[in-house]
Amino acid sequence: MTENWLIDNYKRISENINIAAEKAGNEVTFLAATKTVPPEIINNAIDLGLRYIGENRVQEFLSKNDKINPAAHRHFIGHLQTNKVKDIVGKAELIHSVDSVHLAKEISKKSKNLNIVTNILLEVNIGKEESKSGIAEEEVYKKLEEIIKFDGINVKGLMTIPPICSEKAEIRKYFSKMYKLFIEIKNNKLYNSNMVYLSMGMSGDYIEAIEEGANIVRIGTALFGKRNY
Ligand SMILES: *Cc1c(COP(=O)(O)O)cnc(C)c1O
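Because the structure is predicted, anything quoted here is derived from the model rather than measured.

### Focus on the overall build of the chain
On a plain count of helices and strands, the chain comes out with nine helices and nine strands. Expressed as lengths along the three principal axes of its C-alpha atoms, the size of the chain is roughly 50 × 40 × 30 Å. Per-residue burial for the chain yields a buried fraction of 50% across its 229 residues. Taking all contacts inside the chain whose residues are at least 6 apart in sequence as the whole, residues at least 24 apart take part in 59%. A total of about 11,400 Å² of accessible surface is found on the chain, and carbon and sulfur atoms cover 47% of it. Here the chain holds 32 positive side-chain charges and 30 negative ones, and the gap between their average locations is 3 Å.

Given below as C-alpha cells:
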C-alpha cells in the first residue's frame, strides 16, 4: 500500500522539477536520496515512477540493494573510502562523490579488474568548507586532467553540496559558480572530457539549483519526510 503522503510528495516534487526544468530548458533527473529509508518505501516510490536512487553509505547501499526493485538506477552519492571501492564498483551506475585523484585511481583499478567502465562525477567543494570533502574550485582543472587519463572510468560531470545558506540569493551564487565551471569544461571538452551531468540541489533548494543549471537533483526529506537519526 502506497501512503498518500508519499504520492503527494512525489507528485509535487515531480511537478516542481518539470516546471523549473522547462524554464531552464534542461532535462532534469529526479534522484531520490534514500538514506535511512526502508526498501518497502523506496519500492513504493518506484511504483509511482521514481527511477533514480542514491545511497550515501556503502553498508546501507549493500544491505538494501537486493530488496529494491531493479527498475531503479542505483547511484552512490556519499563520501567513499578507498577500501570500500571494491564493494561499490559494478553495482553503482554513477558515483557522484569522487573527491580525489587517489579515489579515482582506485575506482579505475577495480573497474579494470572487472572489465567495466564506471561513470563518476567529481565532487567540488564550492563553498571552500573545511568540514566538507570535494575538490577545491581552483584545483578542478588540474585534477580532471589527471583523473581523465585513467582507464576504466568515465568522468561524466560535477557534483556539489553547497554551504547551508539562509538566503536563496546566496545559494544561487554557489550553484551559478558550479554551472560556469561545468559549462566551461563541457563546451571546451577540456582534456577530451565528455561532461553531461551537473548534480546539485537538495530538498530545500532543488528549484533554485535547476534554474541555475543542475540536471540531477538529489532529494531526500522532501520526498520521504524527516529522517530519524
Ligand atoms: C541526504 C543527501 C541528500 C538529500 O538531502 P535532503 O536535504 O534530505 O534532500 C543529497 N545529497 C547527498 C549527498 C545526501 O547525502
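Let us keep going from here.
### Considering helix α6 (residues 140–147)
Three or more residues of α6 are buried, namely V140, K143, L144 and I147. Down the axis of α6, the buried set is contained in an arc of 105°. They therefore lie on one face. Those residues of α6 that are buried lie in contact with α5 (101–114), β5 (118–125), β6 (135–136), β7 (153–160) and α7 (168–188).

### A few points about the packing of α6 against α7
Each pair of packed helices can be described by the angle between their axes along with the distance between the axes. Two numbers describe how α6 lies on α7: the axes approach to 12 Å, and their chain directions differ by 40°. As judged from the angle between their axes, α6 and α7 are oblique. Relative to α7, the crossing made by α6 is right-handed. Along its contact with α6, which presents V140, Y141 and L144, the element α7 presents L181, E184 and I185.

Here is what the cut-offs are and how they apply
- Residues numbered from 1 in each chain as written.
- Predicted model: local features only at pLDDT ≥ 70, side-chain atom pairs only at ≥ 80, totals over all residues.
- Heavy atoms only, no water.
- Helix = DSSP H or I, 4+ residues; strand = E, 2+ residues; numbered from the N terminus.
- Buried < 20%, exposed > 50% of the residue type's maximum accessible area, 1.4 Å probe, protein only.
- Contact = heavy atoms within 4.5 Å.
- Areas by Shrake-Rupley, 256 points an atom, 1.4 Å probe, with all protein chains shown as cover.
- Lys, Arg positive; Asp, Glu negative; His and termini not counted.
- Charge placed at Lys NZ, Arg CZ, Asp CG, Glu CD.
- Arc of directions from axis to C-beta.
- Axes fitted to C-alpha atoms, helices over the stretch in contact; angles between N-to-C directions.
- Parallel < 35°, antiparallel > 145°, perpendicular 65-115°, else oblique.
- Left-handed = near helix turned anticlockwise from the far one by under 90°.

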